[in-house]
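Results of the structural survey
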Amino acid sequence: MTAAAGLADRVAALLGEPVTEAGPVGGGSICRAVRLLRRSGGTVFAKTLPDAPPGFFAAEAAGLRLLGGTGTVAVPEVLAADDRTLVLEWVEPGPATPAAAERLGRELAALHRVPAPGYGTAHPAFIGSLPLPPPGSGHASGRPVDWPAFHAGRRLLPFLRQAADSGAMAPQDVRAVERVCELLPRIGGPAQPPAVIHGDLWSGNVLFAADGRPRVVDPAAQGGHPEADLAMLELFGCPHLERVLAAYEEVRPLPGRRERVPLHQLHPLLVHAVLFGAGYGAAAGRAARQALASA
């Protein structure tokens, strides 16, 4: 049996009806992604990852449902999931227009006004293929007291250690990130209660659709700092990025945000250093020094 046939058979079992593969879909990143036709009519999107970590697709499905449940950003409907497969409604791609970019900015601003019960997630979560450390036990609720404690202890330092242990971080870059963690209560900006964020919002996880409403996909949805989503869009680029940011700040102004961008890019850079090596480790060191210089 071919891999394509195997995926179609799994999706058919999950949906309870036959499907046929209509073709591969680009942008699956670490997963294989395909478009499938249902016998009853309509198209679905499915993706699979051999040897996926336990709970990998369940976490993604939970994140999509969390984001969609806020009534702010648009996400594809989750149709089914198991340990190896995720099936979503098909969203027809469309142009990345200025109007769509502005809508994305406004909807992200609305998302970030939704309070989260705490930082991180109570269920397993992943960024790329890497598990996110659980929130920890900073107080009786099981969550750290504030964002600096959470972010340093559960987002920066764990990935810094992994990157350093793999040889992806030079000693001076390790020290710079450690210093950021020490000074985070001072350089992190105004106090920020936990808000619902996408958590992995690079441009590949923004789907511009034919109906004009962007969808966000592949989340590491959690309680976090809203500036993390915006900083990640800036890190890897996004069509009409300035329109996205301007529309966002019309709805939800963030004084001083631009000076904090390197700080909020540290986490994704450390993740990439773990996954892809020393080039990203050096970039993380530069971002850490920029964050310290702006303090």
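Every value quoted in this text rests on a predicted model; they were computed, and no experiment measured them.

Side note on helix H4 (residues 147–165)
Between its first and last C-alpha, H4 extends 26 Å over 19 residues, near the 27 Å set by a 1.5 Å rise per residue. Of all the bends in H4, the greatest, near 35°, is centred on leucine 156, and the proline proline 158 appears no more than four residues after it. Among the residues of H4, Trp147, Pro148, Phe150, His151, Ala152, Arg155, Leu156, Pro158, Phe159, Leu160 and Ala163 are the ones counted as buried. Packed against the buried residues of H4 are strand E6 (126–127), strand E7 (130–131), helix H5 (171–187), strand E11 (222–224) and helix H8 (257–276). Two residues or fewer after H4 comes glycine 167, characterised by a positive phi angle close to 85°.

Description of the packing of H4 against H5
Geometry of a packed helix pair, given as the angle between the helix axes and the separation of the axes. Where H4 meets H5, the closest approach of the two axes is 9 Å, and the angle between their N-to-C directions is 170°. It follows that H4 is roughly antiparallel to H5 by the angle criterion. The segment H4 lies against H5, with Trp147, Pro148, His151, Ala152, Leu156, Leu157, Leu160, Arg161 and Ala164 engaging Val174, Val177, Glu178, Val180, Cys181, Leu184 and Pro185. Residues of the contact of H4 with H5, tallied by class, amount to 13 nonpolar, one polar and two charged.

Looking at the environment of glutamate 89
The residue glutamate 89 is located in strand E5 (residues 85–89) in this model. When the C-alpha atoms of glutamate 89 and alanine 46 are compared, they prove to be 8.6 Å apart, with 43 residues separating the residues in sequence. Apart from the residues lying within four places of it in its own chain, the contact partners of glutamate 89 are Phe45, Val75, Pro76, Glu77 and Leu79.

Some points on the packing of H5 against H8
At a minimum axis distance of 12 Å, the contact between H5 and H8 shows a crossing angle of 135°. With respect to each other, H5 and H8 are oriented oblique. Pair H5 / H8 crosses with left-handed handedness. Together, Val177, Val180, Leu184 and Ile187 of H5 and Arg260, Leu263, Leu266 and Leu270 of H8 make up the contact between the two elements. Among the residues forming the contact of H5 with H8, the class breakdown is seven nonpolar, no polar and one charged.

A few points about the sheet that holds strand E3 (residues 43–48)
Judged by pairing direction, the sheet is antiparallel, and its five strands sit side by side in the order E1-E2-E3-E5-E4 without closing on themselves. The sheet terminates laterally at strand E1 (19–24) and strand E4 (78–81), the two strands that pair on one side only. Strand-to-strand twist across the sheet, computed as the mean angle between neighbouring axes with direction ignored, equals 25°. Note: E3 against E5, five bridges, orientation antiparallel. Note on E5: the bridge partner recorded for phenylalanine 45 is leucine 88.

With respect to the packing of aromatic side chains
Two numbers describe a pair of aromatic rings. These are the distance of the centres and the angle of the planes. Applying the stated criterion across every chain yields a total of four aromatic pairs. Note on phenylalanine 56 and phenylalanine 57: the rings are 5.0 Å apart at their centroids and 80° apart in plane angle, and the pair reads as edge-to-face. Residue phenylalanine 57 is classed as buried on the basis of its relative accessible area, which comes to 1%. Taking the centre distance of 6.2 Å and the plane angle of 50° together, the rings of phenylalanine 276 and tyrosine 280 count as tilted. In this structure phenylalanine 276 comes out as exposed when scored by relative accessible area, which is 57%.

The rules we used
Residues numbered from 1 in each chain as written. Predicted model: local features only at pLDDT ≥ 70, side-chain atom pairs only at ≥ 80, totals over all residues. Heavy atoms only, no water. Helix = DSSP H or I, 4+ residues; strand = E, 2+ residues; numbered from the N terminus. Expected span 1.5 Å × (residues − 1). Bend = angle between axes of the 7 residues up to and from the residue. Buried < 20%, exposed > 50% of the residue type's maximum accessible area, 1.4 Å probe, protein only. Contact = heavy atoms within 4.5 Å. Axes fitted to C-alpha atoms, helices over the stretch in contact; angles between N-to-C directions. Parallel < 35°, antiparallel > 145°, perpendicular 65-115°, else oblique. Nonpolar A, V, L, I, M, F, W, Y, C, P; charged D, E, K, R; others polar. Left-handed = near helix turned anticlockwise from the far one by under 90°. Pairing = 2+ DSSP bridges. Phe/Tyr/Trp six-rings, centres within 6.5 Å; stacked < 30°, edge-to-face > 60°.

Take it as geometry only, folks, not as evidence of what the structure does.
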